[in-house]
There are 2 protein chains.
Amino acid sequence: MNFIRKIVKSHSVEDAELYIELKKLLNFSPRKINKYKKAFTHRSVQMLDKKGIPINYERLEFLGDSILGSVIASYLYKKVPEGTEGYLTQMRSKIVSREHLNELGKDLNLIKFVKSNIDQANVGDNIHGNIFEALVGAIYLDKGYNFCQKFIHEKVIVPYVDIEKLEGKITSYKGLIIEWCQKQKKKYSFDTYEDSGNESIKHFSVKISIDGEQIAKGRATSKKKAEEMASKRVYYAFQNEISLN
Amino acid sequence: MNFIRKIVKSHSVEDAELYIELKKLLNFSPRKINKYKKAFTHRSVQMLDKKGIPINYERLEFLGDSILGSVIASYLYKKVPEGTEGYLTQMRSKIVSREHLNELGKDLNLIKFVKSNIDQANVGDNIHGNIFEALVGAIYLDKGYNFCQKFIHEKVIVPYVDIEKLEGKITSYKGLIIEWCQKQKKKYSFDTYEDSGNESIKHFSVKISIDGEQIAKGRATSKKKAEEMASKRVYYAFQNEISLN
């Protein structure tokens, strides 16, 4: 409560709300609120600063793209010691693909922060990935590289980066889990339901139980994604028992 | 002397020598010497680690390239607040161009560290840039992002990155200085001489004096580069008096 009181006292109501929403999203207290505002400002707003320089997220997108690339590079370098330079390059391209970043931005529902003079229906899919990159740029300027790394780890690597799947060794975790349960004569259940809460974008949750015991949960913007997320967690829980051959 | 004694005591003579050379190059004490050894090992050596994974600089090159890109991106973002995303992208491409990195690697004479089974005459020009990138990767793994940033600032940005020149506003600092001195009726002299010291690659030094007072020095692998470097320093010393129009 102290944090909120302090914020409300020293900022406009609008800024205070943004602060609080950002803190929930980032899992840390932002400092330079203007960097985040810029990260969520579309060029169509046609804002200028005192020097006449446009205020929008495009420069931050350039910066964030670059920071994201280096964080993913360093993650892959350490994670796959046997991967060649070509392998690492290819894996990184898959992870930071436009498609992948758009999905990420959508799942984080970043669009709700965006100021734009274009109708949301007409902004196109790429805005989701672009503002995700811009957000990374803003975090870098606000808190430095290590915070960025932590944020990317939490929001990109843990929920989305999946070496086995990117390599094509696993095409569906759900399929893998079901197949394994059937082979091992284990009872399994997927309990999937709509779970949007207060969010403007539809979300789904799933609980997976094996032999009556709940093993993992998942939540995402589609049933399939939520089920894959939870199934992947089951896979990691039983990794030593589940063989990929 | 304590540093050297400690190093010689706890390492092979060869490692101790590398340590000392690296400290001179990096301006800090390296810790994980094996990362640097890897950064200087060409694939032709065909070394393998205990797990059978090749030891050479190619993976580190991937990592370093990425870190370098993000450090330059962040430098440009802050340095040119009015630059658009397209401008920043273009400037970064110029700075991290293969040609530019090869020049850098050559000037730092990194090739003297390299272990290779190919004759130095046959390795091609790109090896200079590649091992520069691998070195950045090694520094990142050894000391983290902030050390990398500092190293890149000292070794890349300060001596090589020159926004005016990259933008084409200035094509020759030497020309600019001479023109300015003539206009201002100042006496100038360029004292240029070979100055290779103990290094295996030829180096040149230059001292520039204006009205009898030495203003700046420069040292590089060609007369032209040394003169441009020193002239640029003169330019910065008199920036407020020298107009670019």
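See the structure printed just above.
Procedures and definitions
Residues numbered from 1 in each chain as written. Chains lettered and ligands numbered in written order. Predicted model: local features only at pLDDT ≥ 70, side-chain atom pairs only at ≥ 80, totals over all residues. Heavy atoms only, no water. Salt bridge = Lys/Arg side-chain N within 4 Å of Asp/Glu carboxyl O. Helix = DSSP H or I, 4+ residues; strand = E, 2+ residues; numbered from the N terminus. Buried < 20%, exposed > 50% of the residue type's maximum accessible area, 1.4 Å probe, protein only. Pairing = 2+ DSSP bridges. Axes fitted to C-alpha atoms, helices over the stretch in contact; angles between N-to-C directions. Contact = heavy atoms within 4.5 Å.

**Let's talk about the pattern of salt bridges**
1) Next: Tallied over the entire structure, the rule returns 28 salt bridges over all chains.
2) Next: The partner of K150 of chain A in a salt bridge is E154 of chain A, with the nearest N and O atoms 3.7 Å apart. Here K150 of chain A and its partner E154 of chain A are both found in helix α8 (residues 145-160), four residues apart, which amounts to about one turn of the helix.
3) Next: Taking relative accessible area as the criterion, K150 of chain A reaches 45% and is therefore assigned partly exposed.
4) Next: The salt bridge partner of E21 of chain B is K24 of chain B, with a shortest N-O separation of 3.2 Å. Of this pair, E21 of chain B and K24 of chain B both sit in helix α2 (residues 13-26), separated by three residues, roughly a single helical turn.
5) Next: Taking the relative accessible area as the measure of exposure, E21 of chain B reaches 26% and is therefore partly exposed.
6) Next: Exposure remark for K24 of chain B: the relative accessible area of 57% places this residue in the exposed category.
7) Next: Through salt bridges that share partners, E21, K24 and K112 of chain A make up one connected network.

**Some remarks on the sheet that holds strand β3 (residues 188-194) of chain A**
All names here are of chain A.
1) Next: Across the sheet, which stays open at both edges, the three strands sit in the order β3-β4-β5 with antiparallel pairing between neighbours. One side of each edge strand has no neighbouring strand; the edge strands of this open sheet are β3 and β5 (213-220). Adjacent strand axes in the sheet meet at a mean angle of 15° when their direction is disregarded.
2) Next: Alignment of β3 against strand β4 (residues 204-210), held across seven bridges, turns out to be antiparallel. Within the sheet, the bridge partner assigned to E194 lies in β4 and is F204.
3) Next: In the packing of helix α10 (residues 173-183) onto the sheet, the strands contacted are β3 and β4, and the crossing angle to β3 comes to about 150°.
4) Next: Contacting β3, β4 and β5, helix α11 (residues 223-237) runs over the sheet at an angle of about 140° to β5.

These figures come from the coordinates and say nothing about function on their own.
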